[in-house]
Protein chains: 2
Amino acid sequence: MGRTSDARERLLQSAIDLIWTNSYAAVGVDQICERAGVKKGSFYHFFPSKTELALAAYDAHWESIQPHLDAIFSPLVPPLERIERWCHALYEHQKELYDRYGCVCGCPYANVGTELGTRDDRIRARVGDYFDRFQRYLESALRDLTAEGITLSAGVKVTAQSILSCELGLLVRAKVANDPEVLRELMPSVLRLLAVAPSSPTISTP
Amino acid sequence: MGRTSDARERLLQSAIDLIWTNSYAAVGVDQICERAGVKKGSFYHFFPSKTELALAAYDAHWESIQPHLDAIFSPLVPPLERIERWCHALYEHQKELYDRYGCVCGCPYANVGTELGTRDDRIRARVGDYFDRFQRYLESALRDLTAEGITLSAGVKVTAQSILSCELGLLVRAKVANDPEVLRELMPSVLRLLAVAPSSPTISTP
DNA sequence: GAAATAGTTGACCGATCGGTACAGTTGAAC
DNA sequence: GTTCAACTGTACCGATCGGTCAACTATTTC
């Protein structure tokens, strides 16, 4: 009973878009509503506060990218190629945002994590969850890599953490330089972290 | 002629402290004034805008840490030990802030760079300058390392970029996890990036 | 078709934002 | 000791912030 609406979904999408390309504090509730074509009264019908909207929006965003991560890190793909695919997809995604908005947007989770990390424990912890989830993709690939007989220069978990750190830092540098090409350094850096010799310029296929 | 005052310096210090432990947008001009014990009228006597204050504050902050960086990266210190000292100082500094404020604050430059990167070109470019400056310390150490006959797994510049990325990403992860101990991973990651075997648990002294 | 519920609307709130105006006070230079 | 610029204090500005509220409309269920 009662009417139905997709206003909630539009609000989630607007929130991610605006916060990603600006920042949490720089985007107001009014602005999110206007982009979503929703009046303020409706906003507070769906969400009790701006913070709750943000949490819901980031959950929705993760759910939207998870299938892509599942595909990129498919166990059917050779483990090193999974990581190479991910590096490439990361660059392409940021390049696309750069072409559309004129600026490197960086990692949406890291952005809000650094902005609100010291002020909102719930958002901080949630961002940490996303990092952990993503790290598991890396760990799985690294375990499969060792199963192929390749010896890492450190443990699987520690190596995955280093790769994640390197990625996050590279996204910061790319954003600050406003140059997506900075992200091309990712795969070479990963290879050096693995202490695996960079074999051929193309993806190594059997 | 006219009277003198250290209100300007107090404002610069307050701005760094507050923005570092919170965020740029979360800290108001009133708040900065109150902490500095300065009235708003005086604020706008010294600075034409909040943005100008931020730029001046970050310049002042860099000037305050540069002597420490000069000491840590002294050419009289063995190059690998310079980097090890830096990793240690970074941890100690963040730990100190954590003990004082109860939260990991991360890199002040990267924080404001990610927050305002897409909205204020001047601040973004300035943060890029600080990154470049710091990278030169690393490059110098790496060049001296190669002069000792040690071969890096990649070029000096690229390696320095990777180390910087790893540091920035680690600071993001430490902030999001609100755990300074995350930063202990820095030196091991750096060693893997250098492809130098981690020799002894203590600093290698001649 | 009546009732109940889900969603919409626009006016409105107090607080705070960055910034302004300007008279008043101080101290160094001469 | 006068002068003048440097600094301080206070009151105030319009805009915007996140959030509230009650009346209203549409839709589904029975």
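Residues numbered from 1 in each chain as written. Chains lettered and ligands numbered in written order. Predicted model: local features only at pLDDT ≥ 70, side-chain atom pairs only at ≥ 80, totals over all residues. Heavy atoms only, no water.

Participant: For this particular structure, what's the right way to read the nonpolar core?
Facilitator: Across soluble globular proteins, nonpolar side chains show a tendency to be buried alongside one another. One finds W86 and F131 of chain A together with W86 and F131 of chain B to be the most contacted residues of the largest nonpolar core, which totals 142 residues. For F131 of chain A, the residues in contact, after removing those within four places along its chain, are C107, Y109, A110, L164 and L168 of chain A together with V172, R173 and V176 of chain B. (Core = buried A, V, L, I, M, F, W, Y, C linked by side-chain atoms within 4.5 Å. Buried < 20%, exposed > 50% of the residue type's maximum accessible area, 1.4 Å probe, protein only. Contact = heavy atoms within 4.5 Å.)

Participant: Hey, could you run me through the side chain of K175 of chain A in this one?
Facilitator: Tracing the sequence through the fold places K175 of chain A in helix α8 (residues 156-177). Nearest to the buried, unbridged K175 of chain A among oppositely charged side chains is E115 of chain A, at 7.9 Å. Here the side chain of K175 of chain A touches C105 of chain A through a polar contact of 3.3 Å, landing on its backbone oxygen. With near-sequence residues (within four places) excluded, K175 of chain A lies in contact with N22, V104, C105, G106 and N111 of chain A together with T114, G117, T118 and R124 of chain B. (Helix = DSSP H or I, 4+ residues; strand = E, 2+ residues; numbered from the N terminus. Lys, Arg positive; Asp, Glu negative; His and termini not counted. Salt bridge = Lys/Arg side-chain N within 4 Å of Asp/Glu carboxyl O. Polar contact = N/O pair within 3.5 Å; in protein donor to acceptor, adjacent residues only side chain to side chain.)

Participant: I tried to follow the interface of chain A and chain B on my own but got confused; where do I start?
Facilitator: Accessible area lost on assembly of the parts is the figure often given for the size of an interface. Each partner contributes residues to the interface: chain A has 41 residues there, and chain B has 41 residues. Together chain A and chain B conceal approximately 3400 Å² of surface at their shared face, both sides included; 60% is due to carbon and sulfur atoms. In this structure, the connection of chain A to chain B is made through zero salt bridges. Taken together, the connections running from chain A to chain B amount to 16 residue pairs in polar contact (both at pLDDT 80 or more). Secondary-structure elements contributing two or more residues to the side of chain A that touches chain B are α6 (108-116), α7 (121-147), α8 and α9 (186-194) of chain A. Per element, the largest residue contribution to the side of chain A that touches chain B is 15 residues, and it comes from α8 of chain A. Here the side of chain A that touches chain B is composed, by residue class, of 17 nonpolar, 17 polar and seven charged. (Buried area = accessible area lost by both parts, 1.4 Å probe. Nonpolar A, V, L, I, M, F, W, Y, C, P; charged D, E, K, R; others polar.)

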